[in-house]
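A structural walkthrough
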Amino acid sequence: MNIIMSGLEHSMVPISLRERLSFTKLQTGEMIRKIRSFPNITGCVLLSTCNRTELYLSCSGEENPGELLCQAAGTEYALYQQAFVTLSGKQAVQHLMEVAAGLRSRIWGEDQIISQVKGAIAIAREAGGTDSVLETLFRSAISAGKEVRAKVRLTSVPTSAASRAVELLEQKLGTLEGKKAVVIGNGEMGRLSASLLQRAGCNVSVTLRTYRHGETIVPPGCGVVPYDERLPYIDGCDILISATTSPHYTVTKEQISTLSSPPSLMVDLAIPRDIEPEVGEMPGISLYNIDDLGSAENRSVPQDVTEILRAQMENFYRWVNYKDCMTSVESLKQAIVNRILTAKEMEPGLTEAEIIELSVNKTVDLLVTGLAERITSENLAKCESKIRLHTTGRPSAQQVVW
């Protein structure tokens, strides 16, 4: 079974191309179902974030995940052929571990990536796209990401696109105290942006499409603006941040041109982009997108992180080896049974005890011969000890060493 991935990264693909292969949760599920139906594919997971689109495949052949993704999305592969990075085997496994640890993010060590990796495997599972190999791989990668965050401090700079955006705004304005801000979007990124702005002293309003008392989460200290009434609130504010999963612009150049006093600073944290790019060309307005917020280039990975990732990779491949062995064990069992049945046919007068003895002797002889290069007297002694424990009565919980 092969593990292969193809990915578009922010460092190699401009945002204008990346947003064409960026998918909502619903669209991701649809892509998974299409790709899973292709020949030779036993499992697939699609990770779609602001910084990347990556397709992971478990397959029986040498597939091209990037080409399959474009085919499923109805997009011309030639546009992306030079932009996709394709990895297989241990390189693909290590890449996912690094992604979950935040080492591949534009914002070095960002916090949101773990929940995005969790979300990707959950969507694939719900769409019927996963298999045991990808389930175990993603579980190992998530564990690696969690351990890195718990044990290692990657950097002293902000660890999310939202916090980097607020830092950028503080640099441009000097202070955010008393500034008026509107945040479009009440998802994870929007709520985090609003909370950080509020803590920095901003008067923040968050747009909502619907509001259900007790169910809708609004960051403490922030006001609420109906999404359809956002333009009057944007007029006269200092800052606008948009962070939604909408496939359409939340703010257009035409809409901004109707305002008497539009925000001078706007930050677009969405892929596909929320704010029409031409807005940034309007006089007096500075528009920043996700590519403007920072880079993880030329960072040195701490040794502690390398060791954590290596350990999780070893755990994963230990499981893969065990899985492969279990398949071989079934064949081995059948081969031994056939060998014993053949011997019994040649000596039909054997008693039950003699058949049992013959079975044990044949099994042990075949195993010892087959494992001659690996077997040791010490391991044989341990095996004998375990067998004796389970033939002389029920062992205590402390005695069980299986």
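Everything below is about the structure printed above this text.
The following refers to the structure shown. (Residues numbered from 1 in each chain as written. Predicted model: local features only at pLDDT ≥ 70, side-chain atom pairs only at ≥ 80, totals over all residues. Heavy atoms only, no water.)

1. Comments concerning the overall build of the protein
Condition: Secondary structure elements follow DSSP: runs of H or I of four or more residues count as helices, runs of E of two or more count as strands, with numbering from the N terminus. Three labels apply to residues, based on accessible area from a 1.4 Å probe with only protein chains included: buried if under 20% of the type maximum, exposed if over 50%, partly exposed otherwise in between. Note on definitions: a residue-residue contact is assigned when non-hydrogen atoms from the two residues lie within 4.5 Å. Here the Shrake-Rupley method, with its probe set to 1.4 Å, supplies the accessible areas, and only the displayed protein chains count as covering residues.
Regarding its fold elements, the protein presents 13 helices and 10 strands. Across the 402 residues that make up the protein, the buried fraction comes to 45%. Sequence separation of 24 or more characterises 68% of the internal contacts of the protein that already satisfy a separation of 6 or more. Counting every atom, the protein has about 21100 Å² of accessible surface; 50% of that belongs to carbon and sulfur.

2. Regarding the environment of Val85
For Val85, the location among the structural elements is in strand E4 (residues 85–88). Given a relative accessible area of 25%, Val85 falls into the partly exposed group. Here the alpha-carbon distance between Val85 and Glu54, two residues 31 residues apart in the chain, equals 9.2 Å. With residues up to four places along the chain from it excluded, the contact list for Val85 reads Met5, Ser6, Gly7 and Met12.

3. Topic: the side chain of Ser22
For clarity, the threshold we go by: Identification of polar contacts relies on pairs of N or O atoms within 3.5 Å, with a donor-acceptor requirement for protein atoms, meaning one able to donate a hydrogen and the other able to accept it, and with residues adjacent in sequence counted only if both atoms are side-chain atoms.
Within the element layout of this structure, Ser22 appears in the loop between helix H1 (15–18) and helix H2 (25–36). A relative accessible area of 8% places Ser22 in the buried class. Separated by 3.0 Å, the side chain of Ser22 and the backbone oxygen of Ile271 make a polar contact. Not counting residues up to four positions away in its chain, the partners in contact with Ser22 are Gln27, Ser48, Thr53, Ile271 and Pro272.

4. What about the sheet that holds strand E9 (residues 265–268)?
Convention followed: If DSSP finds at least two bridges between two strands, the strands pair. A fitted line through C-alpha atoms represents every axis, and for helices the fit uses only the stretch in contact; the resulting angles, taken between N-to-C directions, go from 0 to 180 degrees.
In spatial order, the strands read E7-E6-E5-E8-E9-E10; together these 6 strands make up an open sheet with parallel pairing. Of all the strands in the sheet, the pair left with one neighbour each is strand E7 (223–226) and strand E10 (286–289). Between one strand and the next, the sheet's axes are offset by a mean angle of 20 degrees, whatever the strand orientation. Relative to E9, strand E8 (residues 239–242) runs parallel, the two sharing 4 bridges. Bridge assignment links Ser242 to a residue of E9, and that residue is Asp268.

5. Thoughts on the environment of Leu69
Locating Leu69 in the fold gives a position in helix H3 (residues 65–73). Residues Leu69 and Ile35, spaced 34 residues apart in sequence, show a C-alpha to C-alpha distance of 7.2 Å. Discounting chain neighbours no more than four positions away, the residues touching Leu69 are Phe23, Ile35, Leu46, Thr53, Leu55 and Phe84.

6. Examining unusual backbone geometry
Looking along the chain, the bond that leaves Ile271 and enters Pro272 is cis, with omega of -5 degrees. Looking at the secondary structure, you find Pro272 in the loop between E9 and E10.

7. Notes on the packing of aromatic side chains
Where we set the bar: Only centres within 6.5 Å qualify two rings of Phe, Tyr or Trp (six-membered ring in Trp) as a pair; their planes then separate them into stacked at under 30 degrees, edge-to-face at over 60, and tilted for everything else.
Going through the model one piece at a time under the given rule, you end up with 5 aromatic pairs. Both rings, one in Tyr77 and one in Phe84, keep their centres 6.2 Å apart while their planes meet at 25 degrees; by these two values the pair is stacked. A single burial state applies to Tyr77 and to Phe84, both of which are buried. Look at Phe316 and Tyr317: their rings are 5.1 Å apart centre to centre, the planes differ by 70 degrees, and that puts the pair in the edge-to-face class.

8. Structural notes on the packing of helix H4 (residues 90–100) against helix H6 (residues 132–151)
To be explicit about the condition: Orientation is classified from the angle alone, with under 35 degrees giving roughly parallel, over 145 giving roughly antiparallel, 65 to 115 giving roughly perpendicular, and any other angle giving oblique. Less than a right angle of anticlockwise turn of the near helix away from the far helix marks a crossing as left-handed, whereas a clockwise turn marks it as right-handed.
Between H4 and H6, the shortest axis-to-axis distance is 8 Å and the interhelical angle comes to 40 degrees. Regarding the angle of H4 to H6, the classification is oblique. Crossing hand, H4 versus H6: right-handed. Of H6, the residues touching H4 (which contributes Val93, Leu96, Met97 and Ala100) are Leu137, Phe138, Ser140, Ala141, Ile142, Ala144, Gly145 and Arg149.

9. Overview of the pattern of salt bridges
Selection rule: Basic side-chain nitrogens of Lys or Arg form a salt bridge, by our definition, when they fall within 4 Å of a carboxyl oxygen of Asp or Glu.
Taken as a whole and assessed by the stated rule, the structure comprises 7 salt bridges. Of the charged contacts in the structure, one is a salt bridge between Glu19 and Arg273, with a shortest N-O distance of 2.9 Å. Taken together, the residues Glu19 in the loop between H1 and H2 and Arg273 in the loop between E9 and E10 connect sequence positions 254 residues apart. Arg273 carries the same exposure label as Glu19, and that label is buried. The residue Glu98 makes a salt bridge to Arg104 at a minimum N-O spacing of 2.9 Å. Look at Arg104 and you get partly exposed, because its relative accessible area is 31%.

10. A few points about H6
Quick note on the threshold: Under the convention used throughout, the expected extent of a helix is 1.5 Å for every residue step, that is, one less than its residue count.
With 20 residues, H6 should reach 28 Å at 1.5 Å per residue; the first-to-last C-alpha distance of 28 Å fits that figure. All of the buried residues in H6 are Val133, Leu134, Glu135, Thr136, Leu137, Phe138, Ser140, Ala141, Ile142, Ala144, Gly145 and Val148.

11. Quick notes on the pairing of E9
The alternating pattern of E9 places Leu265 and Val267 on one face and Met266 and Asp268 on the opposite face, and all of these are buried. Bridge count for E9 against E10 is 4 bridges, and the pairing is parallel. Note on E10: the bridge partner recorded for Met266 is Leu287.

12. Examining a nonpolar patch on the surface
We apply this condition: Only residues whose relative accessible area exceeds 30% and that form no salt bridge enter a patch; like-charged residues are grouped when within 9 Å of one another, and nonpolar side chains (Val, Leu, Ile, Met, Phe, Trp, Tyr) when within 5 Å.
A cluster of nonpolar side chains, namely Leu332, Ile356, Val360, Val364, Leu367, Val368, Leu371, Ile375 and Leu380, defines an oily patch on the protein surface of about 690 Å² accessible area. Among the elements that make up the nonpolar patch, the one with the highest residue count is helix H12 (residues 352–370) (5 residues). With respect to the secondary-structure elements, Val368 resides in helix H12.

Geometric descriptors of this kind do not, in isolation, establish any biological role.
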